[in-house]
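Analysis of the macromolecular model
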Amino acid sequence: MIKRMVKEFQSLSLTSRLCLILSIVFVLSLIPLLHIGLYAHAAGDDFAYGLLAHLSFKETRSLPAAIGAAIENTRDYYHTWQGTYSSIFLMSLQPSVFSERLYCLTGILMLGMLIGSYFLLFRTLFTYYLKLDKGLWISLTLCVLFLSIQILDSPGAAFFWFNGAVHYVFMHSCMIFLIALLLLFLKVRGKAKLCLCLALSCFLAFVTGGANFVTALLTPVLIVTLLLLCLLFKNRRGLLLLLPLSITLAGLGVSVVAPGNAVRMATQIDSMGPFKAIYYSFLYALEGIGSWTTVYVIFFLLLLFPFLLGALYKAEFSFPLPGAVAFFSYCLVAASYTPSLYSMGHVIIFERTLNIMRMLYYLLLFLNLVYITGWLVKKCRSYDPSSRFSNLLAQFRKGCTRSFGVTMAVFFLCLLLFSEKDKVTSLSAVNSLLRGDAQSYHAESLNRISLLSLEGVDEVWVPNLSVCPPLLNPQTLSADPEEYPNPTVAHWFGKTTLHLSVVY
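Now for a look at the structure at hand. (Residues numbered from 1 in each chain as written. Predicted model: local features only at pLDDT ≥ 70, side-chain atom pairs only at ≥ 80, totals over all residues. Heavy atoms only, no water.)

1. What about the side chain of S117?
Relative to the assigned elements, S117 resides in helix α6 (residues 105-129). A distance of 2.9 Å separates a polar atom in the side chain of S117 from the backbone oxygen of L114. Beyond its immediate sequence surroundings of up to four residues, S117 is in contact with S173, I176 and F177. (Helix = DSSP H or I, 4+ residues; strand = E, 2+ residues; numbered from the N terminus. Polar contact = N/O pair within 3.5 Å; in protein donor to acceptor, adjacent residues only side chain to side chain. Contact = heavy atoms within 4.5 Å.)

2. What to know about the pattern of salt bridges
For the coordinates displayed, the defined rule picks out two salt bridges. Between D153 and R358 there is a salt bridge, with the nearest N and O atoms lying 3.4 Å from each other. Taken together, the residues span a long stretch of sequence, with D153 in the loop between α7 (134-150) and α8 (155-159) and R358 in helix α18 (residues 351-382) at a distance of 205 residues. For D153, a relative accessible area of 27% corresponds to the partly exposed category. Its salt-bridge partner being D437, residue R435 comes within 3.1 Å of it at the nearest N-O pair. (Salt bridge = Lys/Arg side-chain N within 4 Å of Asp/Glu carboxyl O. Buried < 20%, exposed > 50% of the residue type's maximum accessible area, 1.4 Å probe, protein only.)

3. Thoughts on the environment of A43
For A43, the location among the structural elements is in the loop between α2 (14-37) and α3 (45-60). Accessibility expressed as a relative area gives 2% for A43, which makes it buried. Note: C-alpha distance between A43 and V489 (446 residues apart in sequence) is 8.8 Å.

4. What to know about the packing of aromatic side chains
By the definition in use, this model includes 20 aromatic pairs. Measuring from ring centre to ring centre gives 4.3 Å for Y49 and Y77, while their planes differ by 15 degrees; the resulting arrangement is stacked. Of this pair, Y49 sits in helix α3 while Y77 sits in helix α4 (residues 63-80), and the two are 28 residues apart along the sequence. As far as burial versus exposure is concerned, Y49 and Y77 are alike and both buried. A ring pair is formed by F299 and F300, whose centres lie 5.3 Å apart and whose planes are at 70 degrees; its orientation type is edge-to-face. Given the relative accessible area of 14%, F299 is considered buried. A relative accessible area of 4% means that F300 is categorised as buried. Taken together through their ring pairs, the aromatic side chains of W292, Y337, Y361 and Y362 make up a single cluster. The ring centre of F185 lies 5.9 Å from the NZ or CZ of R237, which sits over that ring. Over the ring of F350 we find R352; its NZ or CZ atom is 4.6 Å from the centre of that ring. (Phe/Tyr/Trp six-rings, centres within 6.5 Å; stacked < 30°, edge-to-face > 60°. Lys NZ or Arg CZ within 6 Å of the ring centre and 35° of its normal.)

5. Here's the deal with the packing of α3 against α4
The N-to-C vectors of α3 and α4 enclose an angle of 155 degrees; their axes lie 8 Å apart at closest approach. Relative to α4, the element α3 lies roughly antiparallel. As for the relative orientation of α3 and α4, their crossing is right-handed in sense. Each of A48, Y49, L52, A53, S56, F57 and T60 in α3 lies in contact with α4, whose residues at this interface are L63, A65, A66, A69, A70, N73, D76 and Y77. Here the contact of α3 with α4 is composed, by residue class, of eleven nonpolar, three polar and one charged. (Axes fitted to C-alpha atoms, helices over the stretch in contact; angles between N-to-C directions. Parallel < 35°, antiparallel > 145°, perpendicular 65-115°, else oblique. Left-handed = near helix turned anticlockwise from the far one by under 90°. Nonpolar A, V, L, I, M, F, W, Y, C, P; charged D, E, K, R; others polar.)

6. Let's talk about unusual backbone geometry
Cis peptide bonds are those with omega within 30 degrees of zero, and the linkage from Y484 to P485 qualifies with 5 degrees. With respect to the secondary-structure elements, P485 resides in the loop between β1 (459-463) and α22 (486-492). In this structure, F319 takes a positive phi of about 55 degrees despite not being glycine. The topology assignment puts F319 in the loop between α15 (295-312) and α16 (322-335). A residue is classified by how much of its surface remains accessible, and F319, at 2% relative accessible area, is buried.

7. Quick look at a nonpolar patch on the surface
On the surface, L12, L20, I24, L28 and I31 cluster together to form a nonpolar patch covering roughly 430 Å² of accessible area. Positionally, L28 belongs in helix α2. (Patch = residues over 30% accessible without salt bridge, like charges linked within 9 Å, V, L, I, M, F, W, Y side chains within 5 Å. Areas by Shrake-Rupley, 256 points an atom, 1.4 Å probe, with all protein chains shown as cover.)

8. Remarks on the packing of α15 against α18
Across the interface, α15 lies against α18 with an axial gap of 9 Å and an inter-helix angle of 35 degrees. Crossing hand, α15 versus α18: right-handed. Of α18, the residues touching α15 (which contributes V297, F300, L301, L304, F305, L308, L309 and L312) are Y362, L365, F366, L369, V370, T373, G374, L376, V377 and K378. Looking at side-chain class alone, the contact of α15 with α18 contains 15 nonpolar, two polar and one charged residues.

Written out as structure tokens, the structure is:
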């Protein structure tokens, strides 16, 4: 059996081997994340934003009633705190609104959205626009996804805390889905497919318009870029992109003018003017790019480069102005800093915001790798009428075949031996599970819930948590029962007062 598998593996092309190995590693890396996600529990803002819907559902057991309460909650927050209507509506319907057992779906939902959106984008780009071997574009997607899941500033907030995850990672995924659908809309045939792509695009444009301001700002910028490219290449169908563009701009406008934004900004002591925020965005983007370009990023760049050399040699596209493409990508990364600097100034940007900024950088970096490699190959090809470069390239790839297995083995050995466990998401999950921290956290959280759920008691004391895995929320409560989030959590469980007992 094993000999047969080895023989079949050796019969595969080098690109197919790469795809197979990366696919296996990627799937294996998800297992501990899905496992530790079973122990996630609601915390902090989950209770605050979901309170109205939870109380409504608890009283009526009616989904429409809960949705109505979520709409009312969105309206209230629009006037008192923030205008991001899409995020607030989804925050109001976080899973434990209906049952604490459902909160474990958070990780599955966030990982599924991110993975699905990236696969659709890369499949559209490298099937309809730039013809790449299926194994290669899948490998490219897996590399970007590996970095976007494993190497983040706060993976816990990205995947296992619903409130933070839905506001950022979920909305970032919606933006990627939207751009992928628009690219697909420009290529597919048949009225049914066209209408479906456009309808879904318009819906996602509405959603992203009311998302976090990083996503809400980048979405119209990307749509305008697509529209300009359509005009450049005289694609009349591209004029229909004005519809989702108008919707997302209208949504952003509604979000920006919310009275609650002024209330929230009044609490910030160091906000910037718009022009100053733009200026500093470019400065901070350079620092961010420097800190985000880790050894993992460099490894995947070097790993994919020889495969792209061979794949792009016969590509028909000429890859013009790579410098302009790289500069535009840098401008997009800089733009992701602007909303935070405008609202909060020279402060540390929230880690959950940095998560999607970093994901954007990974995506743009690897798309630039494809573009610049294509440009380089075309330049070499234009100065190589004797096809000498093609022969050298074939020899280079043959040499890679011999060293590929060793390279992968060395990489994973270094990953296991030298990586800080809590710096790589799956390693952090495995460490928490093996130490029993995740299981203890789950048991203590359930104990808290059982105490809060006691009937006939209005005043409750709950112990602090003795342990909290880095990927899960510490569920911080205050020693002062009148201080946030104690009153909200107490109200959630039908109590008047919640005390924190420090026993660990």
